[in-house]
Structures are given as structure tokens and as C-alpha cells.
Amino acid sequence: MRNLEAFKEGTQGIETGFIKDIQVSRDSVWFATNRGVMRYSRDNKTFKVYNKENSQLSDNFVTGIGIDNELIWITTASGLSIYNTRTNTWKVYKKERNGLTDNFLTCILVDGNNIWIGTRSWGLNRYDKESNQFFRYNEIDGLNSSSIASLAKSGRYIWVGSEGGLNRYDVYSGEWAGYDRREGLNLPNMRISSIVPEGNIVWVGTIGGVYKFDANEEKFTLHSLQTVIFDIVADGEYLWVGTFDGVYRVNKETQSFQLFTRRDGLIDNSINAMAMDSNFLWLGTDTPGGGVMRLDKYLPQVEILGRTGYVRRNLINIYATVQDTSNIESFSVSYRSLLIGGEWKSEGIEQRMQSGNVRNAVDELIAVWNIDPKKVNEETYELRLTARSRRG
């Protein structure tokens, strides 16, 4: 993908390929890693790492980040750290002296005066900034597990993903509700890795794919991608989904998807964390030698559809979706060996493209190929659709 910028471990200040969380502030992008907190400055386009050696960060193994104006809340394997970007000062909270239920913290959610903090084994903590007190919630209070993996907020509700399924806390009534197999989440492992609420619909990432939870009907349905899900980001009619396989862009309505992998320019297929940053999507890997990537999602987005195929011997109809924020000026289709890869080419193909200057083509016939069998060997090929808009 020509609209992808990659920052690999060992280059440009990137010290690790294990990215646990990504959050965006006014002037920076923050990355939770296994070697500290990494900060990307939009102004000078450089990376800086905060760790135990050069700051008061409580542990280098960072699991989550919360943005609270000039305060950066950081969960680690050994307590909670708060970095004030304006004063360049730090605070640290520990179980032993501050009231946290556990030092191994897993995730964090900033909610005005309240900071919600998940732990590995001892439930959920809520820090009240005004009273400077921690409050705790566990299975006695209504959680379906005390091992917390993800957090999100929608209106009056705090959504909590745990090893036991999905939980909802009503901040007005103080009541908990838990959702698991009884509501249709039929999985051997109930862990909820990611939560994206959108009105009455809550998208959740699981070990068995993307599930859609209807809060009105209190029912789960499997939406798409029967694979292990690490992270989900909503983007209009699409969901971006990070997995072991790469990053998927899934259409919420049709459930059709496009998969981006190393073949498309990713540093690695294991995408563990993502965040939207205006017209950019940041991606983080979870592997040695990996790193972070920035995708300009407003350059042409193209997808060859599954109904592309032969209409008769040596004649192929190619159906695709081509979309961009500006008019598409030209597009073309090329091929290469699925087994060995190599250069993309169009030799041996008489290619008749549909009319150019397309505004947006959705599930349309965009090209007809007449194949010369003397020039194209019989094997399995993959196709690539290239589109060019006024922006690139």
C-alpha cells in the first residue's frame, strides 16, 4: 500500500515491536510497549521513549494509556503512573500505599472525574480525582470475572470486557449486568479483548471473531471473521480489525471484508493495537522485529470482490468496489503468482476497463480480461486493483 508509512523496530527511535495500546492526544500519538511509553510528536515527527531509566515510570511493561488533557494515565505491570506533559512531572500509585487492588494493571478508561482501571486478577478499580480515592468492583459486585481485559464508555454505561464475557455498569443506578453464553457468546474462551459501543450496538472482539451485541435485545450474534481478534476501531460504515492474520476492513452492513497483510506492506501480520488519528489509522504489531505503521485511509480504497470469475474460457469479469473522498481518475488490474509472489504484471492480458473518472464504484463490473493462454501459464494467481484519485 503506497498510503502506508512504516516505522520498524531498530529505526527512527522505535525500540520494540510489542505494542500493547495506542492513544491519540492533541499534539502526539502515545504507544504502550514492553519497553516503556513511546511518544510520536506531530510537530517534529520524531519518537521519544519514556522508561524507568529516564523517568519515574513505575514499570517498563506498559499495558494501557489514557488521555486526560495534559495528563497521560499509564497502566503497567507494577502500578499506575501519571505523566503531566505541561509540567513534565510524574506521579505513581501502588497497591501497597494507595489502595489499588492489584499492581498488575491491564487497561484504562478516562471518564471525566473518574478513571477506570482494569487489573489482571483483582477486578476493576475506579479512581475519583476529586477525593483522591480508589473504589473497587469484583465478582461480588456483579462482574462475571475479576480478570479485566478491555474498557469502553457509552452514555451512562461503562462496558467492561473480562475473561468471563461482557459486563455493563450503569453509573446512575450503580447496577451491574453480565453477558456471556446465556446471551449467545458460545466460545470456549470468553475473553473480550476489545469493545466498541455505537448506540444500542456494541462490537466486541473475541477469540472466535467479531461479535455484535444488541443492548436492547441483550443478545450476541457472530458478525464476521472467525479468528482471534486483538483490537477493533470503528470508522463510519466500516470496522478496522486487528488480528494474527493482518488488519481487516469489515463492512458493518454486508459483512464483506478486505484483508491487508505483509504482501500489502505491513511490517508484520500480527496487529495488536490501533487508533484513529484524523484521516490516519495507526497500527501496532505484537512481535519481535515489528513496529508501528500509519495508514492514510483517505487515499483510494479498493477491493476486488468474490464474484469475480470466468464467464467463459479465457474470459474473466472483474467486479470491485472503488471508493475515495474525491473522484477516481484511473484504475487498472494486474496479477502475480499466489505461490511465489514476484512482480505485478499484465502481460498476456487484453484488458478492457470500464469508463474512467468514476466517483465511487460499489460492487460493479470494472474490467473484462481476455487471457492469452500462450503468454499466461496455468497456475493460481492473485489479482491487484490499483486506483488513482486526485489526491494520489
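Now for a quick tour of the structure. In this text, all values refer to a predicted model and were calculated from it rather than measured experimentally.

1. Some points on the environment of methionine 190
Phase 1 of the analysis: Mapped onto the fold, methionine 190 is located in the loop between β17 (176–179) and β18 (194–198).
Phase 2 of the analysis: Judged by its relative accessible area of 6%, methionine 190 falls in the buried class.
Phase 3 of the analysis: With 25 residues separating them along the chain, methionine 190 and glycine 165 place their C-alpha atoms 5.0 Å apart.
Phase 4 of the analysis: With near-sequence residues (within four places) excluded, methionine 190 lies in contact with Ser162, Glu163, Gly164, Gly165, Asp180, Arg181 and Leu185.

2. Structural notes on the side chain of serine 81
Phase 1 of the analysis: Relative to the assigned elements, serine 81 resides in strand β8 (residues 79–84).
Phase 2 of the analysis: We classify serine 81 as buried; its relative accessible area is 0%.
Phase 3 of the analysis: A polar contact is formed between the side chain of serine 81 and the side chain of serine 58, at a distance of 3.0 Å.
Phase 4 of the analysis: Aside from chain neighbours lying at most four places away, what touches serine 81 is Gln56, Leu57, Ser58, Ile72, Trp73, Ile74, Trp90, Lys91 and Val92.

3. As for the side chain of glutamine 258
Phase 1 of the analysis: Looking at the element boundaries, glutamine 258 is found in strand β25 (residues 257–260).
Phase 2 of the analysis: Once residues lying within four places of it in the same chain are set aside, the contact partners of glutamine 258 are Val247, Tyr248, Arg249, Val302 and Glu303.

4. A look at the sheet that holds strand β21 (residues 219–224)
Phase 1 of the analysis: Strands sit in the order β18-β19-β20-β21 across an open sheet of four strands; the sheet is antiparallel. The sheet terminates laterally at β18 and β21, the two strands that pair on one side only. Sheet twist, expressed as the mean angle between neighbouring strand axes with direction ignored, is 25°.
Phase 2 of the analysis: Relative to strand β20 (residues 209–214), strand β19 (residues 201–206) is paired through six bridges, and the arrangement is antiparallel.

5. Quick look at the nonpolar core
Phase 1 of the analysis: Of all hydrophobic cores here, the largest spans 16 residues; its most connected members are Ile318, Val333, Ile349, Ile366, Trp369 and Leu385.
Phase 2 of the analysis: For this core, the secondary structure elements donating two or more residues are β31 (315–323), β32 (328–337), β35 (361–371) and β36 (381–389).
Phase 3 of the analysis: Once you skip the residues sitting within four places of it in the chain, isoleucine 349 turns out to touch Tyr335, Trp369, Asn370, Ile371 and Val376.
Phase 4 of the analysis: Of all hydrophobic cores here, the second largest spans 15 residues; its members include Leu166, Tyr179, Met190 and Ala215.

6. As for the pattern of salt bridges
Phase 1 of the analysis: Overall, the coordinates contain 12 salt bridges when judged by the stated rule.
Phase 2 of the analysis: A salt bridge links arginine 294 to glutamate 5, with the shortest nitrogen-to-oxygen separation between them at 2.9 Å. Here the residue arginine 294 occupies a position in strand β28 (residues 291–296), and glutamate 5 occupies one in strand β1 (residues 4–8), the gap between them amounting to 289 residues.
Phase 3 of the analysis: With relative accessibility at 35%, the residue glutamate 5 sits in the partly exposed group.
Phase 4 of the analysis: Residue glutamate 198 is joined to lysine 252 by a salt bridge in which the shortest nitrogen-to-oxygen separation is 2.8 Å. Placement of glutamate 198 in strand β18 and of lysine 252 in the loop between β24 (247–251) and β25 is noted, with a sequence separation of 54 residues between them.

7. Some remarks on the sheet that holds strand β7 (residues 71–76)
Phase 1 of the analysis: Spatial strand order, β6-β7-β8-β9: four strands in an open sheet with antiparallel pairing. Bordering the open sheet on either side are β6 (62–68) and β9 (89–93), each of which pairs with just one other strand. When the angles between neighbouring strand axes are averaged without regard to direction, this sheet yields 20°.
Phase 2 of the analysis: Bridge count for β8 against β9 is five bridges, and the pairing is antiparallel. Bridge pairing in β9 places isoleucine 82 opposite lysine 91.

Scoring rules and cut-offs
Residues numbered from 1 in each chain as written. Predicted model: local features only at pLDDT ≥ 70, side-chain atom pairs only at ≥ 80, totals over all residues. Heavy atoms only, no water. Helix = DSSP H or I, 4+ residues; strand = E, 2+ residues; numbered from the N terminus. Buried < 20%, exposed > 50% of the residue type's maximum accessible area, 1.4 Å probe, protein only. Contact = heavy atoms within 4.5 Å. Polar contact = N/O pair within 3.5 Å; in protein donor to acceptor, adjacent residues only side chain to side chain. Pairing = 2+ DSSP bridges. Axes fitted to C-alpha atoms, helices over the stretch in contact; angles between N-to-C directions. Core = buried A, V, L, I, M, F, W, Y, C linked by side-chain atoms within 4.5 Å. Salt bridge = Lys/Arg side-chain N within 4 Å of Asp/Glu carboxyl O.

Everything listed here is a matter of geometry and, on its own, says nothing about what the molecule does.
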